[in-house]
Amino acid sequence: MLTRPAQLQAKALLDQRLPDAAGADISWTEDAHGNLYGWIMLDNAPRLAELAPAMARCRLRLCTMTAYDPERDPANPQRAIAYHFDLDGLTLTVTAPLSMPEVDEDGNAEGKPEVPSITPWFRNADWNEREFMEMYDIAVTGHPNPRRLFLDERLDAGIMGQMIPLSTMMNGASTQDLWERIMSAKLPEGTTAVTASTVTAVTDEETQA
Amino acid sequence: MSTAVHTPQIDDHVNTDPRAGFTLPVGPLHVALEEPMYFRVSVEGETVKRVDITAGHVHRGMEALALRRNLFQNIVLTERVCSLCSNSHPFTYCMAVENLAGIMVPERARYLRSMAEEIKRIASHLFNVAILAHIIGFKSLFMHVMEVREIMQDIKETVYGNRMDLAANCIGGVKYDVDADLLTFLTRNLDRVQKHVEEIYNIYRNDPMVRGRTVGVGMLPQDKALEYAVVGPVARGSGLAVDIRKDVPHAAYPRLAFDVITENGCDVHSRAMIRLREALESISLVSQCARDLPGGDLVARLPEIPAGEAVARSEAPRGELIYFLRTDGTDVPNRLKWRVPSYMNWDALGVMMHDCKVSDVPLIVNSIDPCISCTER
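Residues numbered from 1 in each chain as written. Chains lettered and ligands numbered in written order. Predicted model: local features only at pLDDT ≥ 70, side-chain atom pairs only at ≥ 80, totals over all residues. Heavy atoms only, no water.

**Quick notes on the overall build of chain B**
Definition in use: Starting at the N terminus, helices and strands are each numbered in turn, a helix being any DSSP run of H or I of at least four residues and a strand any DSSP run of E of at least two. Just to be clear, the radius of gyration here is over C-alpha atoms, and the globule rule we use is 2.2 Å times residues to the power 0.38. Three exposure classes are used, based on accessible area relative to the maximum for each residue type with a 1.4 Å probe and protein chains only: buried under 20%, partly exposed in between, and exposed over 50%. Contacts between residues were defined by any pair of non-hydrogen atoms, one from each residue, lying within 4.5 Å. Where accessible areas are quoted, they stem from the Shrake-Rupley method and a 1.4 Å probe; at the residue level, only the protein chains shown are allowed to cover. Only four residue types enter the charge count, namely Lys and Arg as positive and Asp and Glu as negative; His and the chain termini do not. A charge is said to be at NZ when it belongs to Lys, at CZ for Arg, at CG for Asp and at CD for Glu.
If you tally the helices and strands in chain B, you get 15 helices and eight strands. In summary, chain B has a C-alpha radius of gyration of 21 Å against a globular reference of 21 Å for 377 residues, a match within 12%. On the principal axes, the C-alpha backbone points of chain B span a range of 70 × 55 × 35 Å. Each of the 377 residues in chain B was classed as buried or not, and the buried ones make up 62%. Taking the contacts inside chain B whose residues are at least 6 apart along the sequence as the reference set, 70% of them involve residues at least 24 apart. Here chain B displays about 13,600 Å² of accessible surface, and carbon together with sulfur accounts for 51% of that area. Computed over 42 positive and 48 negative side-chain charges, the separation of the two mean positions in chain B equals 1 Å.

Spelled out as structure tokens, the structure:
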């Protein structure tokens, strides 16, 4: 299917204006309907501060941002952020890899991965940056409103990588160990709390008898 | 680790003198709100000076869940982000997979996808304008619009088996088909809906009670609409002709005739007019799909999904919906991200509510047709 003229004009503009600021060429793909998708891979995150004003001058509209771990290896966490823009129907994705902080001998990171805020040029970056700050524990320098967006302050940042059972989050269920400790605290001294394992042991004794 | 609980507090400097500043908590649970959201509204007398929004009450960690499900299971997951725009999510998600893998969706399936999307749009828009009537106290109009919407709900139940979650889409095509009887049922009921929507449109356009509460309320000038990058009927109500169905052709839209609806009032009334006019446009689109539906397969043969990344966009009832997918060659995504239209529109409430009256707060919030489930995932 033929690409819309507006997208072709947008492509020509971006090819002319962005590669110098990005320090990288734009690679292009197309879907079955002829819609154009541009992809820029930056060398580093601070480059965004040079590229963002050039993109704003091109009248690009910020659609959203995606923070992610490219490798999803818990032993070696990485961070990258993909910024998705629109210009007259063309979609441009700019990916910035983040430098990870050094890790001390106890395995604790000394600081957080950092990225400059693009809110000076794209006002609607505000919520997007707040979201990945809390989900992926990324520091955004120069953000005008660095408050939590969806998660309560008492929750750890970077929680996107953890899986917490709903019952635990709702404080409604307990582990076997917790159940036994609670019941033991309530029962008179010397009494054993009835648990599944206790029932099983009694049943086995009855069976053997 | 505790649950996210927010208890709104009245500020210590509360003063009973109505001329002094006062902070009014609205929500997270409120009779005017369908979903929980906390608005901290700073007022001087009855005039709103500032709005702070605290979200997160419906955050379910769905993007994290998506990374623990395979590409097929995520069709089911994404449909459950929200019920009002439930079709848009799996529709756009499937397009992202298809864009990544180069899958060509059969022609018949493209028409059926557009048909499902437009049927949802009509019902969603009618719901929003009905709630507007409810908020301004025009109860009979609210009931009338909801009754008309019930015709669309019946259509959905008959064609798809469900009033809200249609389960219409799959990777490479659709999971449903229509025969001559269903098409007759569909077109006959669309004719009924069209007559009612035309009548409802005239009421909303001209009724003094509706106009008195909505014209000039919740102003979002066009330059602010551009600055905040709002989308959907909110953008089009401020004169911006942004519509993904035209700007990023997909499904059957390149072959269907329709206009991008805009209004220049920039207010609550304009956004309601946009939705009613779009409902009429969508009736035409569904009729065109029913009339021109080609024969052929419902789903493409699926290749192995390679490692890569892709973006897909669609025009959900609330505006632009964007999906970003990264795969690593396995059947579980490396990353699945989606940004819903409501996400872009919340921030603009600060502009729309500036210097409005407290009683207009629920009206203005409703005018952006917010979907909190979508926003927070």
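**What about the pattern of salt bridges?**
We apply this condition: Salt bridges are identified by distance alone: a Lys or Arg side-chain nitrogen within 4 Å of an Asp or Glu carboxyl oxygen.
In the structure shown here, the tally under the stated rule is 36 salt bridges over all chains. Across the pair Arg130 of chain A and Asp126 of chain A runs a salt bridge, and its minimum N-O distance is 3.8 Å. Highlighted residues: Arg130 of chain A and Asp126 of chain A, both in helix α4 (residues 125–136), separated by four residues, approximately one helical turn. For Arg130 of chain A, a relative accessible area of 4% corresponds to the buried category. What makes Asp126 of chain A buried here is its relative accessible area of 12%. With a closest N to O distance of 2.9 Å, Arg335 of chain B and Glu63 of chain B form a salt bridge. Here Arg335 of chain B, found in strand β8 (residues 335–339), pairs with Glu63 of chain B, found in helix α1 (residues 62–66); they are 272 residues apart in sequence, far enough to count as distant. One exposure class covers both Arg335 of chain B and Glu63 of chain B, and it is buried.

**Thoughts on the side chain of Thr91 of chain A**
Our working definition: Counting of polar contacts relies on pairs of N or O atoms within 3.5 Å, with two restrictions inside protein: one atom must be capable of donating a hydrogen and the other of accepting it, and residues adjacent in sequence are counted only when both atoms are side-chain atoms.
Checked against the element boundaries, Thr91 of chain A lands in strand β5 (residues 90–97). Engagement of the side chain of Thr91 of chain A in a polar contact is seen with the side chain of Arg313 of chain B, the distance being 3.0 Å.

**Let's talk about the packing of aromatic side chains**
For the record, the criterion: When the centres of two rings from Phe, Tyr and Trp lie within 6.5 Å, Trp using its six-membered ring, the rings pair. Their planes under 30 degrees apart give stacked, over 60 give edge-to-face, and anything left gives tilted. Whether a charge sits over a ring comes down to the Lys NZ or Arg CZ being within 6 Å of the ring centre and within 35 degrees of the ring normal.
Going through the model one piece at a time under the given rule, you end up with eight aromatic pairs over all chains. Note on Trp127 of chain A and Tyr343 of chain B: the rings are 5.6 Å apart at their centroids and 85 degrees apart in plane angle, and the pair reads as edge-to-face. Of the two residues, Trp127 of chain A is situated in helix α4 and Tyr343 of chain B in helix α12 (residues 341–345); the pairing between them involves two chains. Accessibility expressed as a relative area gives 3% for Tyr343 of chain B, which makes it buried. On the basis of an interplanar angle of 70 degrees and a centroid distance of 6.0 Å, the ring pair of Tyr253 of chain B and Phe258 of chain B is categorised as edge-to-face. Assessed through its relative accessible area of 3%, Tyr253 of chain B is described here as buried. Judged by its relative accessible area of 5%, Phe258 of chain B falls in the buried class. Over the face of the ring belonging to Phe258 of chain B we find Lys246 of chain B, whose NZ or CZ atom lies 4.2 Å from the ring centre.

**Remarks on the packing of helix α4 (residues 107–135) of chain B against helix α11 (residues 268–292) of chain B**
Residues and elements named next belong to chain B. Note the threshold: The convention used is that axes are lines fitted to C-alpha atoms, helices contributing only their stretch in contact, and that angles between N-to-C directions extend from 0 to 180 degrees. If an angle is under 35 degrees, it is roughly parallel; if it is over 145, roughly antiparallel; if it lies from 65 to 115, roughly perpendicular; otherwise it is oblique. The hand of a helix crossing depends on one turn: near helix anticlockwise from the far one by less than a right angle means left-handed, and clockwise means right-handed. Side-chain classes follow a simple rule in which Ala, Val, Leu, Ile, Met, Phe, Trp, Tyr, Cys and Pro form the nonpolar group, Asp, Glu, Lys and Arg form the charged group, and the remainder, Gly included, forms the polar group.
At a minimum axis separation of 8 Å, α4 and α11 run at an interaxial angle of 150 degrees. As far as their axial angle goes, α11 and α4 are roughly antiparallel. For the element pair α4 and α11, the recorded crossing hand is left-handed. Residues belonging to the contact of α4 with α11 are distributed by class as follows: 16 nonpolar, four polar and five charged.

**Side note on the interface of chain A and chain B**
The condition is simple: Here the quantity called buried area is the total loss of accessible area, with a 1.4 Å probe, experienced by two parts when brought into contact, counted for both.
The partner chain B presents 50 residues to the 53 residues of chain A that form the contact. Carbon and sulfur atoms make up 55% of the surface buried where chain A meets chain B, a total of about 4,400 Å² over both sides. On the chain A side of the interface with chain B, the three residues burying the most area are Arg123, Trp127 and Phe150 of chain A, jointly 17% of the side's total. Connecting chain A to chain B are five salt bridges. With its nearest N and O atoms 2.8 Å apart, the salt bridge here joins Arg313 of chain B to Asp86 of chain A. Counting the contacts that link chain A with chain B gives 22 residue pairs in polar contact (both at pLDDT 80 or more). Looking at the side of chain A that touches chain B element by element, the count peaks at eight residues for strand β3 (residues 61–68) of chain A.

**Here's the deal with the state of the cysteines**
Defined as follows: The criterion for a disulfide is a pair of cysteine sulfur atoms lying within 2.5 Å.
For the structure on display, the rule yields zero disulfides over all chains. No disulfide involves Cys58 of chain A; its sulfur sits 15 Å from that of Cys63 of chain A, the nearest cysteine. Given a relative accessible area of 1%, Cys58 of chain A falls into the buried group. For the unlinked cysteine Cys85 of chain B, the closest cysteine sulfur is that of Cys374 of chain B, found at 3.4 Å.

**What about the sheet that holds β3 of chain A?**
Residues and elements named next belong to chain A. The following threshold applies: For two strands to pair, DSSP has to find at least two bridges joining them.
Ordered by their spatial adjacency, five strands build an open sheet running β1-β2-β5-β4-β3, and the pairing between neighbours is mixed. Two strands in the sheet have a free side with no partner beyond their single neighbour: β1 (27–30) and β3. Ignoring which end each strand starts from, the neighbouring axes of this sheet average 20 degrees apart. Contacting β3 and β4 (80–87), α4 crosses the sheet at an angle of about 5 degrees to β3.

**Some thoughts on the environment of Phe324 of chain B**
Turning to its location among the elements, Phe324 of chain B is positioned in strand β7 (residues 319–327). You can call Phe324 of chain B buried: its relative accessible area is 1%. Considered as a pair, Phe324 of chain B and Thr78 of chain B are 246 residues apart in the sequence and their alpha carbons are 13 Å apart. Residues in contact with Phe324 of chain B, not counting those within four places in the same chain, are Trp39, Thr66, Tyr68, Ala82 and His84 of chain A together with Glu309, Ala310, Val311, Arg335, Leu336 and Lys337 of chain B.

**A few points about unusual backbone geometry**
Of note in the backbone geometry, Asp137 of chain A takes a positive phi value of approximately 55 degrees without being a glycine. By the secondary structure assignment, Asp137 of chain A is in the loop between α4 and β7 (139–141). Despite not being glycine, Ala251 of chain B shows a phi value in the positive range, around 50 degrees. Inspection of the secondary structure puts Ala251 of chain B in the loop between α10 (244–247) and α11. With a relative accessible area of 8%, Ala251 of chain B lands in the buried category.

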